[in-house]
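Chain and residue survey
Single-letter residue listing:
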Amino acid sequence: MTSLTLPQPPQTTVFFQDKCLDHRFIRSSDVSNVVERPQRIRAVKTGVAAAIARFEQLNASNGVQRGPPDPEDALMNALKRLNIGEEPVSVSGGQNVIRVVMSTRTVNLLSNEAVKYIHGDIEGDVYLEKLIDLARESREKVARGECEIPDGLPRGDLYLCPESIDAIQGAVGTVCEAVDTVLEAGFGPRAFVAIRPPGHHCGEDTPSGFCFVNNVAIGAAHAYLRHDVSRAVILDIDLHHGNGTQAIAWQINEEAYRKTLEVAASGIAEKPPFQVYYGSIHDPLSYPCEDGNASMLQAASVSLHGSHGQHIENVHLSEYSSEADFWDRLYSGPYRRLLEKAEEFLKKGEREAIVFISAGFDASEHEGEHMSRHGRKLPTAYYKRFARDARAMADKYAKGRIVSVLEGGYSDRALCSGAMAHVLGLAEENSEVDESWWSVENLVKIEKATQKRRGARASNFVPEKWLERTVAILSTINVHPSPPTSPKYIPPSTMVLRNRSKVSPNASETERSFSSASRKSHSGVITTKSDVPKKEAVEPALGELDAPRDETSKKLPRVILKVNPPPEVPHSET
């Protein structure tokens, strides 16, 4: 008998979902003012491609291949002949360390058990049904000169189109696929999921901050409901506090605490309740706390471990004077609490666990000043070292199982460098990652090599082998859809969410329902308005979304999340 030796599977899988690109701003053909748009995922793809190319250079292994990691593997070929499922694009880099999957997984918001666990209602899925109705009606409303987001919700940081539901369902499906991948045999225990729209600002039925459903919370619920993983750690490293995720975690833990007390009183054992640790490192001067709302600031400052069954830790970002000051004083000091408290949570029981990272890159040193206005930034190396340290914790308490999901990030350079460093931190094995790989000099080289001019092919500037490989890998995973033609611009609302006027008596049932639900939220938003001249819609190149614009030639609407005083050139953020 001939023995068959299976190759070592990649230990880290990166997931993309092209349905996310269907979520579009349709109020105007001019999207230069829209900072959150799915096209920015191209910057993430570029960073991932550069990470794989660097691993190849470091470990001198082979590169891109179509299909399973080893096309000669007998088992894989047998499944292929049976035509079971679709064959994903798979990129193996380094010592077969990283795999890239172009996911086609999707879910039905109204029937998926994990979605309903987080966003469903006992007497019907009111929020989810209304969300679907709003998206379905959006194009007709905009064509009539109305806004697709109803009065009562922040129009400055929410937008919908009919295809948005496909994008949201694809994003959620991809997160669930990543959870299945790290929990089931066959591939490695680590995953990074690059999807949009983001999710951590969305509570049970309160969309805000570009978020309509909570991707990470749904992923954690999927792990519990499908795989009996009853403990989840969520580490949020976005610039902004994940108020939606914390609110959901609080509800889940409150229910678990109640069930624990009932079991203790009755003596009747039940399935172990679901428990969540939520830890966030964020800037308390930014959204959703920027206007100083007491309840938002209090929520973003909670540190509670065990009392009433809650496991919440919030750490505030601080300014630093140098890289040495950051690593010696902050990262080794107060920033360590995020992981230390997570370890305390995991040490308390023997039940199955999984670790999630809400990976926002908008605290990056490369994020634009319009987004990170308060000097609370992180060096790019943070995203690598935090991933490495979170991995070490997962290896010790969660069988190495960790799923990182993209949240914020609104500068192409911040997204590219952050994703590159983060994926390298997740994937690094025995080799030493060189942190100069994401130096400004090397980032400029990446931008030049991968730049896509309007109506032209990518630049031929590829003087180094790793850059050439970066371009080749990017070409296998990048998609450039043609932007649609959009109707005329509808100015965003100028009202603060907490002080909305009453719903018009002529409002539709959908608008009334959403307005009522949104009163539970306390996110403030002020928008500025001006006339917007139309221009041809084009997909910007890497870096072009962040290019400086001549503000004197025309007035563009700027969304800000600041009350007084406004910055000279306000912008939107999440």
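Going by the structure above, here's the rest.
Definitions and limits used
Residues numbered from 1 in each chain as written. Predicted model: local features only at pLDDT ≥ 70, side-chain atom pairs only at ≥ 80, totals over all residues. Heavy atoms only, no water. Pairing = 2+ DSSP bridges. Helix = DSSP H or I, 4+ residues; strand = E, 2+ residues; numbered from the N terminus. Axes fitted to C-alpha atoms, helices over the stretch in contact; angles between N-to-C directions. Contact = heavy atoms within 4.5 Å. Buried < 20%, exposed > 50% of the residue type's maximum accessible area, 1.4 Å probe, protein only. Core = buried A, V, L, I, M, F, W, Y, C linked by side-chain atoms within 4.5 Å. Expected span 1.5 Å × (residues − 1). Parallel < 35°, antiparallel > 145°, perpendicular 65-115°, else oblique.

A look at the sheet that holds strand β6 (residues 231–236)
Sheet architecture is open: nine strands sit in the order β4-β1-β5-β11-β10-β6-β7-β9-β8, paired in mixed fashion. With partners counted over all chains shown, the strands left at the sheet margins are β4 (98–103) and β8 (303–305), one partner each. Mean inter-strand twist for the sheet, computed between neighbouring axes without regard to direction, equals 15 degrees. Across five bridges, the pairing between strand β7 (residues 275–282) and strand β9 (residues 311–316) is parallel. Paired with His 282 across the bridge in β9 is His 316. Strand contacts of helix α12 (residues 412–427): β1 (12–17), β4, β5 (190–194), β10 (353–359) and β11 (402–406), with the helix running at about 165 degrees to β5, the strand carrying the most contacts.

Overview of the pairing of β9
Counted residue by residue, β9 has five buried out of six residues, so it is predominantly covered. Of the strand pairs in this sheet, β8 and β9 are connected by three bridges, and their pairing is antiparallel. Paired with His 305 across the strands is His 311, a residue of β9. As consecutive antiparallel partners, β8 and β9 are separated by five residues, and within that stretch Gly 306 has a phi angle of approximately 105 degrees, a positive value.

Let's talk about helix α9 (residues 323–331)
All of the buried residues along α9 are Asp 325, Phe 326, Trp 327, Leu 330 and Tyr 331. Residues of α9 that are buried make contact with α11 (381–397).

Digging into the pairing of β11
Each regular strand displays side chains that alternate between the two surfaces of the sheet. Within β11, five of the five residues are buried, which leaves the element mostly enclosed by the surrounding structure. Neither face of β11 is open: one carries Ile 402, Ser 404 and Leu 406, the other Val 403 and Val 405, and all of them are buried. Pairing analysis gives four bridges linking β5 to β11, with the strands arranged parallel. Note that in β11 the partner of Val 193 across the bridge is Val 405. As paired strands, β10 and β11 are joined by five bridges and run parallel to one another. Of the residues in β11, the one forming a bridge with Ala 359 is Leu 406.

A word on the nonpolar core
Of all hydrophobic cores here, the largest spans 132 residues; its most connected members are Phe 16, Leu 235, Ile 354, Tyr 382 and Phe 386. Leaving out residues up to four positions away in the same chain, Ile 354 has contacts with Val 179, Val 182, Leu 183, Ala 223, Val 229, Arg 231, Ala 232, Val 233, Ala 398, Arg 401 and Val 403.

Focus on α12
With 16 residues, α12 ought to run about 22 Å at 1.5 Å a step, and its terminal C-alpha atoms sit 22 Å apart, in line with that. Across the 16 residues of α12, 15 count as buried, placing the element largely inside the fold.

As for the packing of α12 against helix α13 (residues 440–450)
In the contact formed by α12 and α13, the axes pass within 11 Å of each other and the chain directions differ by 110 degrees. Judged by the angle between their axes, α12 and α13 are roughly perpendicular. For the pair α12 and α13, contact is made by Arg 413, Cys 416, Ser 417 and Met 420 and by Val 440, Leu 443, Val 444, Ile 446 and Glu 447, respectively.

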